[in-house]
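Coordinate analysis (summary)
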Amino acid sequence: MQIDSINVVKRAHYVPLFVRLGHYDTTLLDTLVSQQHGPITEYWAHEASYVRSDLVPDLIPWQRRRWVDRSESFDSELSALADRVLVYLEAHPGTSARELSIALDVAAMKDREHWGWNWNDTKIVTESLFAQGKILALGRNSRFERLFALGQVVLPTLQNVESRAKEDALRRLVLESLSAQGIGTKHCIAEYFRLPLKEVGSALESLAEHGLVQKVQVQDINEQCYLLPETKIPRNIVPDLRLLAPFDSMVFNRRRLELFFDFEYRVEIYVPKDKRRYGYYAFPMLYGDRFIGRVDLKADRAGGELQVNSVHYESHAPTEVSAALDFELERMANWLGLGEVKYFL
């Protein structure tokens, strides 16, 4: 579940559970990711995400983003600060980068234009240590800051990371990606965890040779597709309208949406208002196994309203969808603690 600070309706990582499970208490998720040795935690997947904890040791060797992990360019000052951070976190698990800066007397920011992102030294160090798995997070605080602890405090399995074969880790991630998506092209499978395409292609060939992955063709799709052997394909899917957040793992791969579902979707947050087609924060509407439209939503917490700023249906959307949308919006408003749904159409 991708983690994102945008809070137009609800932060991105909370909505996918509501879509799949219905009304739930979000503090349960907060508590779960704050546990030592818990079943899920935060790490890099396609973006910063909550993932199953057992996946983290396999993700670490394949998620080294240079703009995040800058340790290869550390000077002596930054290397020394990294050591100090590790020592401090050993005694004070659950500390944010901001709190580390105060405790270790690190300046808010130095003139390091080549670093980009305007990070101070503590932020540069903690992001690098996090990418390496030397430190991880015990959840986030009310400011949406990671609360860092030593990696082995968060996950005991990290002690075995160095002994794991990188190629075996990739194969396990490829199988996890297929399990999550059901079927996909090489690009779909690679993009799920943002893995290198060439290496994923080689892993798929090896897995196919050993009978762990099945090659298949999909009608009207020219690319080679893959699925796990004995995957059950339902004959019928009962129509049930669900509103997927813009960063839901079902929809973040726009290329897959267009290829398999013939549905074009973009997040228009950064598009100038007069050039938006569907709205600032449009939720794709999934009805059974088809995407049938988009609805632009905003939570007005002060006014107690779930605001519907626009609704756009695809040409194939059935007429009964309008009533299903009203029902789903009421259900979402109730979960968000908002008193009513208000349309601005």
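Residues numbered from 1 in each chain as written. Predicted model: local features only at pLDDT ≥ 70, side-chain atom pairs only at ≥ 80, totals over all residues. Heavy atoms only, no water.

- Identification of the chain as Winged helix-turn-helix domain-containing protein from Glutamicibacter ardleyensis is taken from an unreviewed UniProt entry.

Structural notes on helix α2 (residues 26-33)
- Inspection of α2 places T26, L29 and V33 among the buried residues, and these make up the whole buried set. All buried residues of α2 project into a common sector of 55 degrees when viewed along the axis, lining one side.
- Those residues of α2 that are buried are in contact with α1 (15-21), β1 (40-44), β2 (48-52), β3 (135-140) and α12 (321-336). (Buried < 20%, exposed > 50% of the residue type's maximum accessible area, 1.4 Å probe, protein only. Helix = DSSP H or I, 4+ residues; strand = E, 2+ residues; numbered from the N terminus. Arc of directions from axis to C-beta. Contact = heavy atoms within 4.5 Å.)

Some points on the packing of aromatic side chains
- Counting across every chain of the model gives 12 aromatic pairs.
- Aromatic pair Y192 and F193: ring centres 5.0 Å apart, planes at 80 degrees, arrangement edge-to-face. There is no split in this pair, since Y192 and F193 are both buried.
- Sitting above the plane of the Y14 ring, K10 keeps its charged end 5.4 Å from the centroid.
- Above the ring of F144, the side-chain terminus of R140 is found at 4.5 Å from the ring centroid. (Phe/Tyr/Trp six-rings, centres within 6.5 Å; stacked < 30°, edge-to-face > 60°. Lys NZ or Arg CZ within 6 Å of the ring centre and 35° of its normal.)

Focus: the packing of helix α8 (residues 166-181) against helix α10 (residues 197-209)
- Where α8 meets α10, the closest approach of the two axes is 10 Å, and the angle between their N-to-C directions is 80 degrees. Overall, the two elements α8 and α10 adopt an arrangement that is roughly perpendicular. Note on element contacts: α10 touches α8 through E199, V200, A203, L204 and L207, opposite L170, R171, V174 and L175.
- When grouped by side-chain class, the residues that make up the contact of α8 with α10 number 7 nonpolar, no polar and 2 charged. (Axes fitted to C-alpha atoms, helices over the stretch in contact; angles between N-to-C directions. Parallel < 35°, antiparallel > 145°, perpendicular 65-115°, else oblique. Nonpolar A, V, L, I, M, F, W, Y, C, P; charged D, E, K, R; others polar.)

What about the pairing of strand β6 (residues 214-218)?
- Pairing geometry for β6 and strand β7 (residues 221-227), over 4 bridges, is antiparallel. When the bridges of β7 are listed, V216 appears paired with C225.
- Linking two consecutive strands that pair antiparallel, namely β6 and β7, is a turn of 2 residues; a positive phi of about 70 degrees is found at D220 within it. (Pairing = 2+ DSSP bridges.)

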